[in-house]
Amino acid sequence: MADGSLGGGLEDDTSWLSELETALVEECDFGSLRNICKGRPVPEHLRAEVWQICLGTAGKDALNSFDGLYDLDCQSQIREDCKNLVDNLGNDEEDKVSIVSDMETIVTFYCKSRGVKYSKDNGWMDLLQILLAVKMSPSEMYSCFYAIQNKFIPHGCKKDGKLFHLFRLLLQYHDPELCSYLDTKRVTPDLYSMPWFNSLFGHVCHLKVCLAMWDVIFQHADPFLVLFMGLVILVNGRESILDNKEHSKEELMDLISSFPQALEPEDIEDFCSLAQYYESKTPQSYRRDYQLAMFGNSIVAQKEAENNSFIDSLCLLVSGEELLQANQSSVITEDSVRYFVVDCRPAEQYNTEHLTTAFHLDSSLMLQNPEEFNVAVQALFAAQAQALAAGSAASGEHLCFMGSGREEEDQYVNMVVANILQKGKQYVSIAKGGYPAIHNILRATSQNGDIDFSQVVSHNSGDTASNNSASGVHTRKKDEDENSPMKYFSKDLLGKLSGAVKAKSAEMKEKLSSYIKNDGQGEKHVSSTERSGKRYRNMANVFTIGDEDEAEEGSGRESEEDEQEKEMVSLETWIRKCDVIYSCKCTEFRSNGRGYPSYLLVTYSHLYVLREVAARRGMALIQARRPLGSVIKITSKKKQPEIITFKYGTNEDDNFYVSDIQRFYIPTASDAIRVIKQQIMKVLDALES
């Protein structure tokens, strides 16, 4: 970009190009292609084929069903815009007539097939201009255009649409000062970013930049990535915005709109990496709230938009599941999201029951006693800083405010959050549904035996754990250290420091290695001198072993009631998520002897099992979410190496305790286990570092 802060360059290593060419000859699938390209721009002569694989349009010929009638009400406008587009490309006169005809056919058929109206500023001509630069047949171009519209262009891409509300919330989350300044200038995102998002930056960036950018966007298959690209552009240009406060609203709009023009092709890899970084530092609950409302089927999207109240949210909302999962995870990386929970309920509610890791800040103080409220807020910031420094279980760079879930009381919570945002505090969110939602999740989880409810929730009996609701500071026993970083937290947190976690992870890694058996050595365990995790990185088939215990028949019981409680997601969306590093079809065997066709997904930190819903095409239930750190043993049958058993458990008192078992038939077992093994070692390394 203009200041060079997004500079970078393509890698000198081009060995992957020959691998890509070979794979395309062999008709590779999307997963293989993405593993080869690794988010890099592709050569011009391979681009058409790569895009069609990424978009899932290879071999499709939908244009063949066009009725050949050009009879739309806006037909003359379509023809004129297509002619202007082709005129600007400078083709020969003979070619122009043919190309204009093709473009008009594509736009006309799309309007008819989707039941939509054409408008001059909808970004379609910008998309077609980029597609024209990639050598495709009209049928291939139509299929790609259709897929781009369906998968990457949001429905809310119009003035005051939900897309721009979300984009503003993302900007506020990462740069509240810049967001506040633009709000005061009344420069809303729809005024400058609409051409960015409805054309995938095709309206504002140079052709070569767009081609490289689309290479990366299609490989990641994440429709939300373009929002974070827009976020990077704004944050990168914040100095230009804030240093020119004499600019009028119109001048500011024009300035921001022009920022993407400074991008150059060699910037794209770094630019997209930055976008992914910001995405990783953002709560993911917005995906569940916005996915159906913004992408895919337009009828479903309309219903979702009407049924959801997230459009009016003050800041990003975090689901109870995400909040608990993030803070219970023992794997903390530099770009992971971890929350410092602020319980804003009235003192009597907090004292009755609360999360042991939550800081109490009575929101009613803001009106009743402003001075005391300001003292409590300073204590909040101090407690957060000290918890981060100490590596406590309650530490988190991201602030999540939690209310009672009742509208009348939570009005005060919104006032507190607005006050914190005015102070320019970064990473501010609200727990969706308040404490009741958290309580219900924890209660259900404890009933399943996954957690001990009493260890996560504190019930106050009126003794030394009483809470001073005015300041948000807990009363402590006299023998507690006055200078302890934990002085703002309940006694339940003492001792839960990261040092203990790291020590345990080292033990776990050593013991995990001792469970690994090498093929060809029968039942021999790895010797104690070879138990370093790093010892296994360069070994083949580390998890491939001999016979397993025949008594282990498979996973636990499953009932219709269990099915109703599981989360339903879009299978394609999940398989294409940017953090999924491997996926494959498999069959899960349950304890009842039945086999269930499923999908196994490996992310950077978890193993997911998804099962398609027969009654809802394209949807799947999340059967299991397994932290990779909980995998303590992987075995396979000697005569049937495709049958793999995973054992999950914990390390306590120098022993492993198996808490659950899952068995799968995986046709690509060797590849799957290799990826899982490598990722487990990375997770354990992260715990130690």
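In this text the structure is predicted, and so the values were computed from the model without any measurement. Each chain carries its own residue numbering, running from 1 in the written order of its sequence. Selection of residues for local features in this predicted model requires a pLDDT of at least 70, selection of side-chain atom pairs for listing and counting requires 80 or more, and totals for whole chains, interfaces and linings are taken over all residues. Each side-chain value is derived from all of the structure's non-hydrogen atoms; neither hydrogens nor water enter the calculation.

Colleague: Can you walk me through the overall build of the chain in this structure?
Modeller: Helix and strand definitions follow DSSP, with helices as H or I runs of at least four residues and strands as E runs of at least two, each counted in order from the N terminus. Counting its regular elements, the chain contains 28 helices and 17 strands. For the chain, the computed accessible surface area is about 32000 Å², with 48% contributed by carbon and sulfur atoms. All accessible areas in this document rest on Shrake-Rupley with a 1.4 Å probe, and a residue is counted as covered only by the protein chains that are shown.

Colleague: Explanation requested: the pattern of salt bridges in the structure shown.
Modeller: Between side chains of opposite charge, pairing is possible as soon as their charged atoms come close. One side-chain nitrogen of Lys or Arg within 4 Å of one carboxyl oxygen of Asp or Glu is enough to make a salt bridge. Under the criterion given, the structure shown has 24 salt bridges. Ionic pairing is found between Lys 432 and Asp 289, a salt bridge with its closest N-O pair at 2.8 Å. With Lys 432 in the loop between strand S6 (428-431) and helix H23 (434-447) and Asp 289 in helix H16 (residues 285-294), this residue pair connects regions lying 143 residues apart in the sequence. Relative accessibility decides the category of a residue: with a 1.4 Å probe and only protein chains considered, values under 20% of the type maximum give buried, values over 50% give exposed, and everything between is partly exposed. Lys 432 gets classed as partly exposed once you look at its relative accessible area, which sits at 33%. On the basis of relative accessibility, which here comes to 7%, the residue Asp 289 falls in the buried class. When salt bridges that share partners are traced, they join Asp 67, Asp 71 and Lys 112 into one network.

Colleague: I keep staring at the packing of helix H6 (residues 124-132) against helix H11 (residues 207-220) and nothing clicks. Help me out?
Modeller: Pairs of packed helices are described in terms of their axes, by the angle between the two and the distance that separates them. Contact geometry for H6 and H11: axes closest at 10 Å, N-to-C directions at 85°. Taken together, H6 and H11 sit at an angle that is classed as roughly perpendicular. Across from Leu 127, Ile 130 and Leu 131 in H6, the residues of H11 making contact are Leu 207, Cys 210, Leu 211 and Trp 214. Axis lines are fitted through C-alpha atoms, for helices just across the contact stretch, and the angle between N-to-C directions can take any value from 0 to 180 degrees. When an angle is under 35 degrees it counts as roughly parallel; over 145 it counts as roughly antiparallel; between 65 and 115 it counts as roughly perpendicular; any other value is oblique. Residue contacts are defined here by distance: any two heavy atoms, one from each residue, within 4.5 Å place the two residues in contact.

Colleague: I would appreciate a short explanation of the sheet that holds strand S4 (residues 359-360) in the present structure.
Modeller: Sheets are built from strands paired through backbone hydrogen bonds, the pairs being either parallel or antiparallel. Taken in spatial order, the 5 strands of this open sheet run S1-S6-S5-S2-S4, and their pairing is parallel. Bordering the open sheet on either side are strand S1 (316-318) and S4, each of which pairs with just one other strand. In short, DSSP must find at least two bridges between two strands for them to pair. Here strand S5 (residues 398-402) runs beside S6; their pairing, made up of 3 bridges, is parallel. Bridge assignment links Leu 399 to a residue of S6, and that residue is Val 428.

Colleague: In this structure, what is going on with a negative patch on the surface? I would like to understand it.
Modeller: A contiguous patch of negative charge on the surface is contributed by Glu 246, Glu 250, Glu 251 and Asp 254. Structurally, Glu 251 can be placed in helix H14 (residues 249-258). Overall, the relative accessible area of 43% leaves Glu 251 in the partly exposed class. Patch membership is restricted to residues that have no salt bridge and whose relative accessible area is over 30%. Joining uses 9 Å for like charges and 5 Å for the nonpolar side chains Val, Leu, Ile, Met, Phe, Trp and Tyr. A positive count includes Lys and Arg, and a negative count includes Asp and Glu. His and the chain ends are not counted in either. We put the charge of a Lys on NZ, of an Arg on CZ, of an Asp on CG and of a Glu on CD.

Colleague: Please clarify how the pairing of S5 should be interpreted in this entry.
Modeller: A regular strand places its side chains so that they alternate between the two faces of the sheet. Buried residues dominate S5, accounting for 5 of its 5 residues. Residues His 398, Cys 400 and Met 402 line one face of S5 and the alternating positions Leu 399 and Phe 401 line the opposite face, and both faces are buried. Call a crossover right-handed when, viewed with both strands pointing away from you, the route from the first strand across the helix to the second goes clockwise. What joins S5 to S6 is helix H22 (residues 407-422), and the crossover it makes is right-handed.

Colleague: Is there a simple way to explain empty space enclosed by the protein in this structure?
Modeller: If you roll a probe as big as a water molecule over the atoms, it shows you where there is empty space left. For each structure, a 1 Å grid was placed over the protein atoms alone; sets of points admitting a 1.4 Å probe that cannot get out are labelled cavities, open sets with protein on both sides within 12 Å along at least five of seven lines are labelled pockets, and lining residues have an atom within 4 Å of a point. Grid points are joined across faces, edges and corners, and a volume is the space filled by probe spheres set on the points. A complete count under the given rule lists 2 cavities of 30 Å³ or more for this structure. The volume enclosed by the second largest cavity comes to roughly 60 Å³. Around the second largest cavity, the lining is made up of 10 residues, and of these Tyr 286, Asp 289, Tyr 290, Leu 316 and Leu 317 lie nearest the centre. Contributing elements (two or more residues each) for the lining of the second largest cavity: H16 and S1. Broken down by element, the residue count for the lining of the second largest cavity peaks at 4 residues, all from H16.

Colleague: Quick question: what am I supposed to make of the nonpolar core here?
Modeller: In globular proteins that are soluble, nonpolar side chains generally tend to be buried together. Core analysis: the biggest nonpolar cluster contains 124 residues, and Met 213 and Trp 214 have the highest contact counts within it. Discounting chain neighbours no more than four positions away, the residues touching Met 213 are Leu 200, Phe 201, Cys 205, Met 229, Leu 263, Ile 268 and Phe 271. With 25 residues, the next largest nonpolar core counts Cys 344, Leu 380, Leu 399 and Val 417 among its residues. To qualify as a nonpolar core, a set must consist of buried Ala, Val, Leu, Ile, Met, Phe, Trp, Tyr and Cys residues joined through side-chain atoms within 4.5 Å.

Colleague: How should I be thinking about the confidence of the model for the chain in this particular structure?
Modeller: For residues with low pLDDT, the predicted coordinates do not support detailed interpretation. Model confidence for the chain is summarised by a mean pLDDT of 78, while 75% of its residues fall at 70 or above. As a per-residue quantity, pLDDT reports the predictor's confidence and falls between 0 and 100. Below pLDDT 50 for its whole length, residues 1-12 participates in 29 contacts with residues either more than four positions away or in separate chains. In the model, residues 550-554 has pLDDT below 50 throughout and makes 11 contacts with residues more than four positions away in sequence or in other chains.

Colleague: What exactly am I supposed to notice about the pairing of strand S12 (residues 595-603) here?
Modeller: Among the 9 residues of S12, 7 are classified as buried, and the element is accordingly described as predominantly covered. With 4 bridges joining them, S12 and strand S13 (residues 606-612) adopt antiparallel strand pairing. Among the inter-strand pairings, Val 602 is bridged to a residue of S13, identified as Leu 607. The hairpin formed by S12 and S13 contains 2 residues between the paired strands.

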